[in-house]
Amino acid sequence: MTSQTAKDDGNPAPLGALLAGEPEAVARDLGRPALGTLGRHSTVIVIGAGLFGASIGLWRDPVQALYTAVKLPLILLLCATGNALLNGIIGAMLGLKLTFRQSFLAILMSFSIASTILGSVSPLLFFYVWNMTPFDPAHRTAEGYSGLMVLAVAAIAFAGIASNIRLVGWLDRANASRVLSLRVLFCWLAGNLVLGSQLSWILRPFFGSPNLDVQFVRADAFQGNFFQALWIAVRTVVDR
Amino acid sequence: MNTSDPAPPGTTQPPPLTQPVPEPLAGPFSILEALLREPNRVWHAFRGDEAGRVIAVLIFATAVCAALYGVVIGSFSKGPQLWAAPVKVTLGLFFSVIICLPSLYIFASLGGARTRLVEVIGLTAGLITQNTLLLVGFAPVAWIFSESTDSIAWMGAMHLAFWFVSCAFGFRLFLAGFEHLNARHLGGIRVWLAMFIVVVLQMSTALRPLIGTSEDFLPKEKRFFLKHWFHQMDEGK
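This write-up is about the structure you can find in this document. The structure presented is a predicted model; accordingly, all values stated were derived computationally and were not measured.

Moving on: the overall build of chain A. Regarding its fold elements, chain A presents nine helices and zero strands. Taken from N to C terminus, the helices and strands of chain A fall in the order α-α-α-α-α-α-α-α-α. Expected size for 240 residues packed as a compact globule is a radius of gyration near 18 Å; at 19 Å, chain A falls within 12% of this value. Oriented by its inertia axes, the alpha-carbon framework of chain A measures out at about 65 × 40 × 25 Å. By the burial criterion, 39% of the 240 residues in chain A qualify as buried. Taking as baseline every contact in chain A between residues at least 6 positions apart, the subset at least 24 positions apart corresponds to 68%.

What follows is the structure in structure tokens.
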């Protein structure tokens, strides 16, 4: 990608071209001044993931919607920033022909694509929430809560898969080797999974549990970790 | 001098165009006719200066056709349903399209279609126009059944069957439109179409009653469409 000649007229590539995975568009954005690309894709993440967050938090309470709208983009931005150095180093070690800055921007752009997809389906989730039986504070129950979780997880999975397919396409273009691209992608995903899941653990709740009060972070946010909780959950299922 | 006049004999002819440019769409009826017979002319219009006018005609035609079919739906219960059903059908259809449009644009882009938002709006307008035009075609049949049947569940099933048939035709046109826009993969568009069906079905439940009667314009109880259908069937109406 670094050697690629892109038609750069100084303007950022259209988002539609990035979504379509057009290599010229990616090369153009990676070739632009870092701050411009950073600002643009961060804005897309804040709006797209923010809208999605608001739609999943809204069933519980408007305040929960606001909290989740802030927390979801925050996780994506913190994850990309926190792992920037690690991802750059891994990429360089594996022979990726992208600079540290370009590696960071490529990951940010894939998060931006995921956020665009999530933002685009948020009206549908808002519609789903509108059709849910409203949350009953007295009995702390809400019909459709599980359905909302399944829909949100499906949307996140789809957005994640689509954005990573685009990311691996860009890496292919930069390396001309599918094996190397997949190796780099696997390492990046592993790093982002570890950091992202722990950030999600700290910043929970997102949906807002029917049994707990609305809060920005839980009182025990920094106690335990995601994988510990996952292990306990697995043990509970196995021991039954 | 009109540049489209045939050149006099002996002068150099311009090279022929690789694809003949379709004739511009004149009046509203020619737009609707083209949508049914030569949809490529309509897709082509979305890329030109007349896109706004063509889309406006399609939206107006959809509103009229949806309202007409709504009257037929309301004719089952008569009374206030004669105005309530058309209002709900028309507004519900447009609201469904509005909340589904952002995801359509993104799914189309993911499929590789190099398209502008106006073209996506145009294709969707074409989809619902063809859909509602076909429903108007079914309207006399539906009206006959409205007058001779007293089962809400049966009437609901019949309206749904008509809608699914018109969807089948509309979706074929819609996918052809995206192929026209050079979409490489239509999988995402097909997923979107499934989502659109679910949204419209849920909208019909959220805006109930469309066929039966109620003291309230909108229901007080939230319900999912499958649950509502089973409820109606259990009541045996």
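A separate point is the nonpolar core. Soluble globular proteins tend to bury their nonpolar side chains together. Counting 117 residues, the largest nonpolar core has B:Val54 and B:Ala108 as the members making the most contacts within it. At 16 residues, helix α6 (residues 100-131) of chain A tops the list of elements feeding residues into this core. Among all residues touching B:Ala108, those that are not within four sequence positions of it are B:Ala113, B:Thr115, B:Val120, B:Phe178, B:Ala183 and B:Ile189.

So, on to the environment of B:Phe169. Residues and elements named next belong to chain B. Structurally, the position occupied by Phe169 is in helix α6 (residues 152-180). As for Phe169 and Gln130, which are separated by 39 residues in sequence, their C-alpha atoms are 7.9 Å apart. Apart from residues lying up to four places away in sequence, Phe169 is in contact with Gln130 and Leu134.

Before going further, it helps to spend a moment on the environment of A:Pro73. All names here are of chain A. Here Pro73 is to be found in helix α4 (residues 62-82). As a C-alpha pair, Pro73 and Val46 span 27 residues in sequence and 5.1 Å in three-dimensional space. Not counting chain neighbours up to four residues away, the residues in contact with Pro73 comprise Ile45, Val46, Ala49 and Gly50.

Bringing the interface of chain A and chain B into the picture now. Contacts between the two partners involve 14 residues from chain A and, on the opposite side, 16 residues from chain B. Put simply, the parts of the chain that give the side of chain A that touches chain B at least two residues each are α1 (15-19) and α6 of chain A. With eight residues, α6(A) is the single largest residue contributor to the side of chain A that touches chain B.

Criteria and cut-off values
- Residues numbered from 1 in each chain as written.
- Chains lettered and ligands numbered in written order.
- Predicted model: local features only at pLDDT ≥ 70, side-chain atom pairs only at ≥ 80, totals over all residues.
- Helix = DSSP H or I, 4+ residues; strand = E, 2+ residues; numbered from the N terminus.
- Rg over C-alpha atoms; globule rule 2.2 N^0.38 Å.
- Buried ≥ 20, exposed ≤ 12 C-beta atoms within 10 Å, placed from the backbone.
- Contact = placed C-beta atoms within 7 Å.
- Core = buried A, V, L, I, M, F, W, Y, C linked by C-beta atoms within 7 Å.

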